[in-house]
Structure formats: structure tokens, C-alpha cells
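Structural overview for review
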Amino acid sequence: MAEEKHKRRVHYSGKYPKKFEEKYKEHNPEKYADTVAHVIEKGSTPAGMHISIMVQEILDFLQIKPGQQGLDATLGYGGHTRKMLEQLQGQGRIFGLDVDPIESEKTTKRLRDAGFDENQFQFRLINFANIDEVAAEAGKFDFVLADLGVSSMQIDNPERGFSYKIDGPLDLRMNPQKGVSAAERLREITQEEFVGMLVENSDEPYAEKIAEKVFFRMKKGDAMDTTTALREAIEAALVYVPKEERAEAVKKSCQRTFQALRIDVNSEFEVLYAFLEKLPGILNPGGRVAILTFHSGEDRMVKKAFKENFRAGIFSDISKDVIRPSAEECRSNGRARSTKMRWAIKA
């Protein structure tokens, strides 16, 4: 077998690396723990990592006991899963679901390296809309967690196209091997449909102006296939906003536009609806579920489903109000600020 050539790490200019691929220390938290700790201490998320949100609040509510069976419907970086596995103390098991084949492989390896074998943790590359299929195989669950946020590893990697801040292909798919990218989606729809997507998926106040500029540029022959191209179109659409307000308006419209496209290409509302509809049927009596949402559309759906099931006597109790992360957590992890948690208990 030919010997694998040694790959030299990417060199960077200046004191600190700026690009995702240059942050080699951040990509190796086990090897460079001091560097990673320093990045977290500054309130940033290390490249290639994800800092789990509201961990203690989730554990306090789920009340996990050894011998139980649980489900992490959105595995991601596996931070929540690891903490829940620790509560089981080697007795019982957790199933982790995810549609991202790239990150889930890394996460499964991390959990195996941490000592959680097949008897304690099992992974399924499956959309959480199909939780009934998992329950048919594994049996019902005593606790379920669904964190509906996009993982930091996906946001930070320019190849995935989730962030308007870094240049990359306009993709936004959770599973880049399936479906159409955001760039392809824009070529499929009409200007009016794009307006509707921006309003419905992210309550974008400048929806018509943004759609008009994006489609004008596309008709002119400009390719709308990178994150930079879309950001520049949004900047041009908002040029009439007063100068002192423009930077903030552009930032928020970029966030909302990318969110609207991401929700669309991943069918996020349809997937969440299917999950919520099937959820009571996969819980054991007394089973507990906690859901973290990150925008109003998701939260409305969770709130409505929980209320309906409570009124029908399917859930014995639900959270009356949303639970939010502490001010301290929001300071140390800026991505926690928009988080809302709701919970329910099966009758």
C-alpha cells in the first residue's frame, strides 16, 4: 500500500488565523484544549465546534434515570447527547438522528472515543420527521430532545453556504447530497414566490425590494450562486435606507433571507409538523420531551401542538411559558440569544 503523503497545515498571515480552514488548532479541541478554551472564554465558538445551549435546563427537566431509553432527534455536534448519556451511567441507551452525513460521522466517532459503545448510543442517518420508523425498531422513548438550531460547524464552514459573512457556494442544505441547493431553488421560483418565501419563513420587512433586486440581477445574467452574490444583492436593495441605519438593516435582512432559503430547501416547517404529529405516539407514559426553537415560526408550531395535545389529555403537563437561556449563557455564547425552550410530559 502506498504511503500517505504528509499534508502541511495551511499557513496564514498575521497573528491569528482568519479563515475556517486555517484554524487548525480550533479543529482539534482534544489536542489544543488551551486555544479552544481561550476562544470560548472570549464569547466565540471555535471553528468546527458547536457549544450546546441550555444543557442544565434540559437535564433538569428530562430527569434522566439509568435504564431509560432516549432520543436526540437532532444529533449535531453531540454535546447534549453526551451529557444525557452521562446521566444514564452506562445503563439504558440513546438513539441519535441527523440528516447531515458529514458532521454526524465525526460526532459518532467523538462519542465512541468518549467510551459510549453501541449498547449505549446508536446513530441513524434519518430525518426526525421519521421518528415513528425509529420507534418501530427501537421501542418507545422515556425522553426526547429536539434542538432545531443549525449547528455552528455548518454555519462556520464556507463550503456549506449557511453564512452571509463568508464567501462560499449558496447551498444551505443540511444534507448536501440530497435535494436542490438554495442557488438552484432561486432559479426554479418566480419573483413573487421568493417574496412569499421571505415573508412566510422569516417575516422579512424588505421582502419585495430584496426579491426585486435579486431577480433583476439574475435576469441581467448575474449568477446568484454564492453567498457573496446574494449578500451584495441585499445590500443594493437596501441602499435607500438612511445611512446611519443601513448597516444594521442589511445585517438583519441577510440573516432573515438566508434563514428563509434554508427553511425552504430543507422543508423545515413540513419536517417539524411531521415530527410534532408523530411525537406523542413514540413516548412512553410519563415520557418527557424538550424542544429548543430559534425563530418565531418554529416556536408557534411547537406551542400550538403542545397546547392541542394538552387539551386532548395526551400530555399531562406542558410549559406555560417559554424558558430562555440565562443572561450569563447569552454573554458567553452569542448564538444562544434567540433560543426558546418548551417542554411536555406524556399522560
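Residues numbered from 1 in each chain as written. Predicted model: local features only at pLDDT ≥ 70, side-chain atom pairs only at ≥ 80, totals over all residues. Heavy atoms only, no water.

Examining the packing of aromatic side chains
Within the structure shown, the criterion is met by seven aromatic pairs. Consider the rings of Phe128 and Phe275, whose centres lie 4.7 Å apart with planes at 25 degrees: the pair is stacked. Of the two residues, Phe128 is situated in the loop between β3 (121-125) and α5 (131-138) and Phe275 in helix α12 (residues 268-282); the sequence distance between them amounts to 147 residues. Taken together, a centroid distance of 6.3 Å and an interplanar angle of 80 degrees make the contact between Tyr206 and Tyr240 edge-to-face. Placement of the pair is Tyr206 in the loop between α8 (191-202) and α9 (207-219) and Tyr240 in the loop between α10 (227-237) and α11 (243-265), with a sequence separation of 34 residues. Residue Tyr206 is classed as partly exposed on the basis of its relative accessible area of 23%. In this arrangement the basic side chain of Arg110 is found over the ring face of Tyr77, its NZ or CZ atom lying 3.7 Å from the centre. Over the ring of Phe310 we find Lys320, and its NZ or CZ is 5.4 Å from the ring centre. (Phe/Tyr/Trp six-rings, centres within 6.5 Å; stacked < 30°, edge-to-face > 60°. Helix = DSSP H or I, 4+ residues; strand = E, 2+ residues; numbered from the N terminus. Buried < 20%, exposed > 50% of the residue type's maximum accessible area, 1.4 Å probe, protein only. Lys NZ or Arg CZ within 6 Å of the ring centre and 35° of its normal.)

Points about unusual backbone geometry
At Met54, a position not held by glycine, the phi torsion is positive, near 55 degrees. Look at Asp203: it is not a glycine, yet its phi comes out positive at around 50 degrees. Structurally, Asp203 can be placed in the loop between α8 and α9. For Asp203, a relative accessible area of 47% translates into the label partly exposed.

Structural notes on the side chain of Arg262
Following the sequence through the fold, Arg262 ends up in helix α11. Note on Arg262: relative accessible area 12%, which makes it buried. In terms of polar contacts, Arg262 uses its side chain to reach the side chain of Glu268, at 2.8 Å. Once you skip the residues sitting within four places of it in the chain, Arg262 turns out to touch Val150, Phe162, Leu172, Met174, Glu268 and His295. (Polar contact = N/O pair within 3.5 Å; in protein donor to acceptor, adjacent residues only side chain to side chain. Contact = heavy atoms within 4.5 Å.)

Observations concerning the nonpolar core
With 34 residues, the main nonpolar core has Leu170, Leu172, Phe194, Ile210, Val214, Leu230 and Leu261 as its most contacted residues. For this core, the secondary-structure elements that each account for two or more residues are α7 (182-188), α8, α9, α10 and α11. Take this core: its biggest share by element is seven residues, from α11. Once residues within four sequence positions are removed from consideration, Leu170 is found in contact with Ser181, Ala182, Ala183, Leu186, Met224, Asp225, Thr226, Thr227, Leu230 and Phe258. (Core = buried A, V, L, I, M, F, W, Y, C linked by side-chain atoms within 4.5 Å.)

Digging into the packing of α8 against α11
Packing of α8 against α11 leaves a shortest axis separation of 8 Å and a crossing angle of 95 degrees. Judged by the angle between their axes, α8 and α11 are roughly perpendicular. Counted together, Phe194, Met197, Leu198, Asn201 and Ser202 of α8 and Arg256, Thr257, Gln259, Ala260, Leu261, Ile263 and Asp264 of α11 form the full contact between these two elements. Among the residues forming the contact of α8 with α11, the class breakdown is six nonpolar, four polar and two charged. (Axes fitted to C-alpha atoms, helices over the stretch in contact; angles between N-to-C directions. Parallel < 35°, antiparallel > 145°, perpendicular 65-115°, else oblique. Nonpolar A, V, L, I, M, F, W, Y, C, P; charged D, E, K, R; others polar.)

Some remarks on the pairing of β3
Strand direction decides the pairing type here: strand β2 (residues 93-98) and β3, joined by five bridges, are parallel. Each bridged residue has a counterpart across the sheet, and for Leu97 the counterpart in β3 is Arg124. Tracing the backbone out of β2, into helix α4 (residues 101-113) and back to the parallel element β3 gives a crossover that is right-handed. (Pairing = 2+ DSSP bridges. Right-handed = clockwise from strand over helix to strand, strands pointing away.)

Things to note about the pairing of strand β7 (residues 340-346)
With seven of seven residues buried, β7 is to be regarded as a mostly interior element. By the alternation rule, side chains of β7 split into Lys340, Arg342, Ala344 and Lys346 and Met341, Trp343 and Ile345, which are all buried. The pairing of strand β5 (residues 283-293) with β7 spans six bridges and is classified as antiparallel. Note that in β7 the partner of Thr293 across the bridge is Lys340.

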